[in-house]
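Analysis of the macromolecular model
Each chain, written out:
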Amino acid sequence: MREFLIAGNWKMNATSAASAELVAGIIDGVPSGEGFSVLVCPPFPYIAAVAEQARGSAVLVGAQNVSEHAKGAFTGEVAPSMLRDVGCEYVIVGHSERRAIYGETSAQVAAKFVAAQAAGLTPILCVGETLDEREAGTTEAVIDEQLDAVLDVAGIDALAAAVIAYEPVWAIGTGKTATPEQAQDVHRHIRARLAAQNEAVAGGMRILYGGSMKGENAAGLLGQPDIDGGLIGGASLKAADFLAIAAAAAAQK
Ligand code: PEP
């Protein structure tokens, strides 16, 4: 049985005081029960303090990005081992903002995925199509290219120790959410593509939905058979909003 993962991507928001307050509110309000986990991904400078605060609580900590290199002359980059060192268990790789704004290619994302796992981090691999790609009918081809880049380099067995997030780019930060059926169609496709290589890995794979998920639409999305949680941007910045999504996940377990 797959567990839900409710993951907050704080992006480039918060201050040290605001992040301390936000994680305190989340720790206090996480619903009790089994079958789901809650993760926060603060900006790099706040990770260590947030991880310290979350230690011993039900809240997991991750990062939003990572270098594909282990160490050395890479000014401004953060190595996977450094993230482990400060308490991260997860790291987002291939977020559409990284791909679109910073030009990360699928090959680079695959290298980050491999480097993260080598350091003991669980990668959350983001895939998703733009509005133009959806309207051109190429959604599945786009997702396949992004997935295959990782499968080709890391292999299907590596996916067993990872999470996938389907994030339609047109739904991120726009207030436009994919309908549960639209999301389920793509999630089913992703699982089937993995199943073609290894049914057990596909069956255990947590596939999150991301794109304007909030308390009001979470139950419908999380009720779909192939949706195993959410990667949440805007609604992860207020404890009450984020906890409403966690409560929707808890209610379904
Ligand atoms: C995201 O950035 O991963 C995201 C899903 O953002 P939002 O929830 O704001 O659409």
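Right, let's walk through the structure included here. (Residues numbered from 1 in each chain as written. Predicted model: local features only at pLDDT ≥ 70, side-chain atom pairs only at ≥ 80, totals over all residues. Heavy atoms only, no water.)

Brief notes about the overall build of the chain
Within the chain, the regular secondary structure consists of 12 helices and 8 strands. Along the three orthogonal principal directions, the C-alpha set of the chain runs to about 45 × 45 × 35 Å. In the chain, the proportion of contacts linking residues at least 24 apart, taken out of those at least 6 apart, comes to 72%. Surface exposure of the chain reaches about 10700 Å², of which carbon and sulfur atoms provide 53%. One way to put it: in the chain the 17 positive side-chain charges average out to a point 2 Å from where the 29 negative ones average out. (Helix = DSSP H or I, 4+ residues; strand = E, 2+ residues; numbered from the N terminus. Contact = heavy atoms within 4.5 Å. Areas by Shrake-Rupley, 256 points an atom, 1.4 Å probe, with all protein chains shown as cover. Lys, Arg positive; Asp, Glu negative; His and termini not counted. Charge placed at Lys NZ, Arg CZ, Asp CG, Glu CD.)

Description of the site of the ligand
Taken together, 14 residues lie near the ligand, and Lys11, Glu167, Gly173, Ser212 and Gly234 sit nearest. The side chain of histidine 95 places a nitrogen or oxygen atom 2.9 Å from an oxygen atom of the ligand. Glycine 234 places a main-chain nitrogen or oxygen 2.8 Å from an oxygen atom of the ligand. Residue composition of the shell around the ligand, grouped by class: 4 nonpolar, 8 polar and 2 charged. (Near = heavy atom within 4 Å. Polar contact = N/O pair within 3.5 Å; in protein donor to acceptor, adjacent residues only side chain to side chain. Nonpolar A, V, L, I, M, F, W, Y, C, P; charged D, E, K, R; others polar.)

A few points about the pattern of salt bridges
If you walk through the whole model with that rule in mind, you get 11 salt bridges. Of the charged contacts, one joins glutamate 104 and arginine 98 as a salt bridge, the two residues approaching to 2.9 Å between their closest N and O atoms. The exposure class of glutamate 104 is buried, given its relative accessible area of 6%. Residue classification places arginine 98 among the partly exposed positions, given a relative accessible area of 22%. A salt bridge links arginine 193 to aspartate 148; the nearest nitrogen and oxygen atoms lie 2.6 Å apart. Note that arginine 193 is positioned in helix H9 (residues 180-195) and aspartate 148 in helix H7 (residues 139-154), a separation of 45 residues in sequence. One connected set of salt bridges, linked through shared partners, spans Arg2, Arg191, Asp226 and Asp228. (Salt bridge = Lys/Arg side-chain N within 4 Å of Asp/Glu carboxyl O. Buried < 20%, exposed > 50% of the residue type's maximum accessible area, 1.4 Å probe, protein only.)

Remarks on the nonpolar core
Within the largest apolar cluster, 67 residues are counted, with the highest numbers of intra-cluster contacts made by Ile26, Leu159 and Ile190. By residue number, the principal contributor to this core is helix H12 (residues 239-251), which donates 8 residues. Filtering out sequence-adjacent residues up to four positions away, leucine 159 remains in contact with Phe113, Val150, Leu151, Ile164, Leu194, Val201 and Met205. Within the second largest apolar cluster, 13 residues are counted, among which are Leu39, Cys41, Ile92 and Leu231. (Core = buried A, V, L, I, M, F, W, Y, C linked by side-chain atoms within 4.5 Å.)

Some thoughts on the environment of alanine 154
As for its placement among the helices and strands, alanine 154 is situated in helix H7. Contacts of alanine 154, omitting those with residues within four sequence positions, involve Phe113 and Val114.

Comments concerning the sheet that holds strand E8 (residues 229-232)
In sheet architecture, strand pairing relies on hydrogen bonds along the backbone and comes in two forms, parallel and antiparallel. Taken in spatial order, the 8 strands of this closed barrel run E1-E2-E3-E4-E5-E6-E7-E8, and their pairing is parallel. Across the sheet, the mean angle separating the axes of adjacent strands is 25° when strand polarity is ignored. Bridge count for strand E2 (residues 36-41) against strand E3 (residues 59-63) is 3 bridges, and the pairing is parallel. Across the sheet, residue leucine 39 finds its bridge partner in E3, namely leucine 60. Relative to the sheet, H12 contacts strand E1 (4-9), E2 and E8, its axis offset from that of E1 by approximately 170°. (Pairing = 2+ DSSP bridges. Axes fitted to C-alpha atoms, helices over the stretch in contact; angles between N-to-C directions.)

So far we have only geometry, and geometry alone does not tell us how the molecule works.
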